[in-house]
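What follows is the residue order along each chain.
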Amino acid sequence: MGVKERKEREQEKLRQKILDAASELFAREGYQNVSMRKIARRIEYSPTTIYLYFKDKADLLYQICEETFANLIKEIEKIETTFYEPIICLRKGMRAYIDFGLKYPNHYEVTFIAPLSDYLGEQHSYEGSSGQKAFEHIVQQVSESMKACQIKRGDVNTISQTLWAGIHGVTSLLIAHEDFPFVEKDELIDNTIDTLIKGLQH
């Protein structure tokens, strides 16, 4: 590995370290209560170092959200290239969404639970974002399942948002209420997905 490649790898590792530290602090303490200085202390670097990678705190939050969605999209695209039955892709995509959230709870909480519009403002629009692209995968899977007569026909966006609300709900509950006496986790997740999908079938 050359000097340039080694430097680029070290820079990317530091950038990811900043993102991970910020995600943890934003989720634990709230975005408004976290300063760039506090993030810098967490990673044992100066605040100036963070500004080499991110314009400001809002940009840092935005990049966390974008990368979280981008990684989720990769998981869903793997499913879509492995399975060709629309209803199977839909089911496995829903499961991948929940598993992703539970694997990265800090990123999930910052991306999907925090009131992002209050912090990011209009300069970071939903249009064209990774969040929109991630949701479009659900829309596509729902639409193809309808065409294959594997779920009943209806308004694609309404059904897609209903499914997202269901899987977001169980993911958020499992993250936020660890002490609740839930049934076995996989049983709860699978039953939630089964119930949502069966409600769409004839």
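See the structure shown above.
Residues numbered from 1 in each chain as written. Predicted model: local features only at pLDDT ≥ 70, side-chain atom pairs only at ≥ 80, totals over all residues. Heavy atoms only, no water.

A. Summary view of helix 9 (residues 156-176). Its 21 residues give helix 9 an end-to-end C-alpha distance of 30 Å, which sits within 8% of 30 Å, the value for a rise of 1.5 Å per residue. Among the residues of helix 9, those classed as buried are Ile159, Ser160, Leu163, Ile167, His168, Val170, Thr171, Ser172, Leu174 and Ile175. Lining the buried residues of helix 9 we find helix 5 (86-103), helix 6 (105-113), helix 8 (130-147) and helix 10 (185-198). (Helix = DSSP H or I, 4+ residues; strand = E, 2+ residues; numbered from the N terminus. Expected span 1.5 Å × (residues − 1). Buried < 20%, exposed > 50% of the residue type's maximum accessible area, 1.4 Å probe, protein only. Contact = heavy atoms within 4.5 Å.)

B. Structural view of the environment of Met94. Note that Met94 resides in helix 5. Residue classification places Met94 among the buried residues on the basis of a relative accessible area of 4%. Residues Met94 and Ser145 lie 51 residues apart in sequence; the distance between their C-alpha atoms is 14 Å. Excluding its chain neighbours within four sequence positions, the residues that come into contact with Met94 are Leu163, Ile167, Ile193, Leu196 and Ile197.

C. Geometry of the nonpolar core. Counting 30 residues, the largest nonpolar core has Met94, Tyr97, Ile98, Val142 and Leu163 as the members making the most contacts within it. Elements supplying a minimum of two residues to this core: helix 4 (57-82), helix 5, helix 6, helix 8, helix 9 and helix 10. Non-local contacts of Leu163, meaning those with residues more than four positions away in its chain, are made with Leu90, Met94, Val142, Leu196 and Leu200. Membership of the second largest hydrophobic core comes to 22 residues, among which are Ile18, Ala22, Ile50 and Leu60. (Core = buried A, V, L, I, M, F, W, Y, C linked by side-chain atoms within 4.5 Å.)

D. Up close: the packing of aromatic side chains. Applying the stated criterion to the full structure yields seven aromatic pairs. An angle of 70° between the planes, with centres 4.9 Å apart, marks the rings of Phe69 and Phe112 as edge-to-face. With Phe69 in helix 4 and Phe112 in helix 6, this residue pair connects regions lying 43 residues apart in the sequence. The exposure class of Phe112 is buried, given its relative accessible area of 14%. An angle of 25° between the planes, with centres 4.4 Å apart, marks the rings of Tyr108 and Phe112 as stacked. One end of the pair, Tyr108, and the other, Phe112, are both in helix 6, four residues apart, so they sit about a helical turn from each other. An identical accessibility class is assigned to Tyr108 and Phe112; each is buried. The rings of Phe69, Tyr97, Tyr108 and Phe112 are connected pair by pair, giving a single aromatic cluster. (Phe/Tyr/Trp six-rings, centres within 6.5 Å; stacked < 30°, edge-to-face > 60°.)

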